[in-house]
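Geometric and topological summary
If you want the building blocks of each chain, they are given just below.
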Amino acid sequence: MRRNYFKAILVFLIIFSFAFFIGFKINKSFGILKNGDTYSDDEANMIYSLTDYQWDSSTNTYYFDLIRKNKYQQLELIYGKLPSEVYINGTALKESSFFTRLLLSSHLFIDNKIRIVFDTNIDPHKTPIYVTTTPSAEMALTTFNIVFAFSLGITFLMFIYGLSLYHRKKTEKYLLWFAIYTGALTLWSVLPLFVGTGINFLRYYAFAWCVILDIVICFKMFDIKLPGRLNLLLSVRGVISILVLWSILESIFPKLHSEIYVYSLFLFSIGVLIYACVDKRKGGWLLISGHALSLGLRMAIPLSSLSSSSVSYPLRALQFSKFFNVPFAFCCMLLINHIFAEKYTEAEILAKELEQINQNLDKKVLDGKLALEEQMKRRHSLMMNIFHDLRTPLFVIQGCTEKITSQPQLLNTELPIIKERLDFTKHLVEDLFLMAKLEDKQVILEMDRIPVSSLIKNVISACSIEAEGKNIYIDAELKCECLTWGDEYRLKQAFQNLLLNAIYYTKPKGRIYISLEKKKNITIISFTDTGIGISPQDIDKIFDRYYRISHTDKHQSTGLGLSIAQEIIQQHLGSISVESQLGSGTTFTVHLPIIS
Ligand code: ADP
């Protein structure tokens, strides 16, 4: 933390010193003329500051004697705002807003000498008067006008930029403050143009307003809050109150106009910016650099005047054009651009994600629709099969009863057919009912500890009549005495379906192999037959409800046996799988959890 403070202060000081050094260098590179010096032609393009004013005790005035080299030398004065009255041969110089050019015509010289007299009451060192040749004066003032228009234009455009962005995005309050800040800078830059008008008095306050708003913008750009109620000072009302209060104080104590008081306010901005850097706020380093640059350029002017009692024309031009405001305001604008660019990128990413989600959703909806259509189709064909299976026995029974009515002697031959068809219908209806209940989880399982091997033995003996009827040998290898949680009746039903299928789809004199073993905490029961097998295209569908493979083998097939078995096993937290080789045989394997 301390290291970060140190780093932020160091960065500030380095950039500040750099800007200050440049300003100081510019100041030094322009010459000064002392009282009584002669303007030589050697450096004709130089713009000299007048300094070292002499005190005349007889008239109680300061004066400056400027001597031209010869009567052909044409010199011009450039002067800016004059804090003291200045006279040449008794004629006062006109007050100007920025710089004024005054050609020193020959009649003003007496023996090539001209005396510029200053009002005694005010220190003439603060009066910026420069002397140069006509071409240099022309060029200097043109350059100044360009720099002035540039700074004014930039601050004004930044004001419009902030305002228009805020107009679009009212939630981003820092945009409003940026607009207010750059608006104040624009006002401050433009006010000298109104010298002599009613609003000229604002000139004296605008500097302090800009400095106070400079502090506020530092808080706002990083959304830094003051503790507790103090934060009210940063609200619109709070800031307006501070500006008004400072202006009133300035009116009562004109000393407050003094730059030293206003400059000391910058310590607040610097403090906020250092805090922003230490707190790793986005743009902290950018704004502290911009501020250091602006302040360095700004401070070069008063500090240069302290050292050599003169401020060169270029530095004064920099001050009058308010150019030093530009770097910091520009950095604020860069930060705003950065924030917006980031938000735009975020929005783009979100839009892409949303598009992806939409696409996925569309796909899901489409898949769901297809699945639903498929389900509807299957349900429809299921219903048709069921109706068909229910109708066929009814037709058979109807035919038989008609036969018996017309030929009662056929009763004994037709009755077994009627019974067989009724059995099938009952079996089908029961299976359908059970399947529906299993699917709706309406079958209440009576859970108990079930010894799996005895259950298998039970199933084998229950199916023995069918096996013996086809002369099929059942070989059982029950290797473990595992216990499972389950409903004995339902489990028996599931296994019976598997064993009966094995018997049905195995040719007479075939073999069925049943095995029971344990792996970790799972019991594995498999039913392997040497029957007709299942083709690869059918194997995935045999667990579907009502799915039957049409083959010649005849038994009372409902297409529900495997679905019922699977449903029961799954409700016992187990699984069922099948492997088959067409023509060689099939193995159904059941996995069930065991009680350890
Ligand atoms: P089904 O009442 O027709 O036996 P299932 O649901 O029990 O109905 O079986 C569905 C289909 O799976 C059967 O029609 C049959 O073709 C096939 N199948 C089931 N078990 C075997 C097996 N052990 N060997 C060959 N095919 C079998």
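Only a predicted model underlies this, so the values are computations on that prediction, with no experimental measurement involved. (Residues numbered from 1 in each chain as written. Predicted model: local features only at pLDDT ≥ 70, side-chain atom pairs only at ≥ 80, totals over all residues. Heavy atoms only, no water.)

Looking at the domain arrangement of the protein chain
One can read the domain layout of the protein chain as domain 1 (2-25 + 138-340), domain 2 (31-133), domain 3 (341-442) and domain 4 (443-593). One C-alpha centre belongs to domain 2, the other to domain 3; they are set 111 Å apart. (Domains from an automatic or database assignment.)

Regarding empty space enclosed by the protein
This model, assessed by the stated rule, comprises two cavities of 30 Å³ or more. The space that makes up the largest cavity amounts to roughly 70 Å³. Lining the largest cavity are 12 residues, and of these His125, Thr127, Pro128, Ser310 and Val311 lie nearest its centre. Those elements that provide at least two residues to the lining of the largest cavity are strand E3 (48-51) and strand E11 (129-133). Tallied by class, residues from the lining of the largest cavity come to five nonpolar, six polar and one charged. Structurally, the lining of the largest cavity is a two-domain feature, drawing no fewer than three residues from each of domain 1 (2-25 + 138-340) and domain 2 (31-133). The calculated volume of the second largest cavity comes to roughly 50 Å³. Lining the second largest cavity are Tyr181, Asp214, Phe266, His291, Ser294, Leu295, Arg298, Phe324, Asn325 and Phe328. Counting residues per element, the ones that place at least two in the lining of the second largest cavity are helix H8 (284-308) and helix H10 (325-406). (1 Å grid on protein atoms, 1.4 Å probe; cavity = no way out; pocket = protein on both sides within 12 Å on 5 of 7 lines; lining within 4 Å. Points joined across faces, edges and corners; volume = space filled by probe spheres on them. Helix = DSSP H or I, 4+ residues; strand = E, 2+ residues; numbered from the N terminus. Nonpolar A, V, L, I, M, F, W, Y, C, P; charged D, E, K, R; others polar.)

Remarks on the environment of Val429
Relative to the elements of secondary structure, Val429 occurs in helix H11 (residues 411-439). Residue Val429 is classed as partly exposed on the basis of its relative accessible area, which comes to 43%. (Buried < 20%, exposed > 50% of the residue type's maximum accessible area, 1.4 Å probe, protein only.)

Digging into the packing of helix H12 (residues 452-462) against helix H14 (residues 488-504)
Two numbers describe how H12 lies on H14: the axes approach to 9 Å, and their chain directions differ by 55°. Taken together, the axes of H12 and H14 lie oblique to each other. Where H12 crosses over H14, the two elements pack in a sense that is right-handed. Between H12 and H14, the contacting residues are Leu455, Ile456, Asn458, Val459, Ile460 and Ala462 on the first element and Glu488, Leu491, Lys492, Phe495, Gln496 and Leu499 on the second. (Axes fitted to C-alpha atoms, helices over the stretch in contact; angles between N-to-C directions. Parallel < 35°, antiparallel > 145°, perpendicular 65-115°, else oblique. Left-handed = near helix turned anticlockwise from the far one by under 90°. Contact = heavy atoms within 4.5 Å.)

With respect to a nonpolar patch on the surface
The grouping of Val236, Ile240, Val244, Leu245, Ile248, Leu249, Ile252 and Phe253 at the surface amounts to a nonpolar patch, some 710 Å² of accessible area in total. Residue Leu249 is classed as partly exposed on the basis of its relative accessible area of 31%. (Patch = residues over 30% accessible without salt bridge, like charges linked within 9 Å, V, L, I, M, F, W, Y side chains within 5 Å. Areas by Shrake-Rupley, 256 points an atom, 1.4 Å probe, with all protein chains shown as cover. Salt bridge = Lys/Arg side-chain N within 4 Å of Asp/Glu carboxyl O.)

As for helix H16 (residues 561-571)
Within H16, 10 of the 11 residues are buried, which leaves the element mostly enclosed by the surrounding structure. Buried within H16 we find Gly561, Leu562, Ser563, Ile564, Ala565, Gln566, Glu567, Ile568, Ile569 and Gln571. For H16, the secondary structure elements touched by its buried residues are H11, H14, strand E17 (575-581) and strand E18 (585-593). The positive-phi residue at the C-terminal boundary of H16 is Leu573, with phi of around 60°.

Considerations on the pattern of salt bridges
The final tally for this structure, using the stated rule, is 17 salt bridges. Here Lys426 makes a salt bridge to Glu430, at a shortest N to O gap of 4.0 Å. Of the two residues, Lys426 and Glu430 are both situated in helix H11; the distance of four residues between them amounts to about one turn of the helix. Its relative accessible area of 46% is what places Glu430 among the partly exposed residues. The residue Glu439 makes a salt bridge to Arg545 at a minimum N-O spacing of 2.9 Å. Separated by 106 residues along the polypeptide, Glu439 in helix H11 and Arg545 in the loop between helix H15 (536-539) and H16 bring together distant segments of the chain. Take Glu439: its relative accessible area is 33%, and that puts it in the partly exposed class. Of the residues examined, Arg545 reaches a relative accessible area of 32% and is grouped as partly exposed. Look at the salt bridges and you will find they share partners, linking Asp65, Lys113 and Arg115 into a network.

Let's talk about the sheet that holds E18
In space, the five strands of this open sheet follow the order E13-E15-E16-E18-E17, with mixed pairing throughout. In the strand order of this sheet, the two ends are held by strand E13 (473-478) and E17, each with one partner. Across the sheet, the mean angle separating the axes of adjacent strands is 15° when strand polarity is ignored. Both strand E15 (residues 511-519) and strand E16 (residues 522-529) contribute to a ladder of eight bridges, which runs antiparallel. When the bridges of E16 are listed, Glu517 appears paired with Ile524. Relative to E13, H12 is tilted by about 175°, and along the sheet it contacts E13, E15 and E16. (Pairing = 2+ DSSP bridges.)

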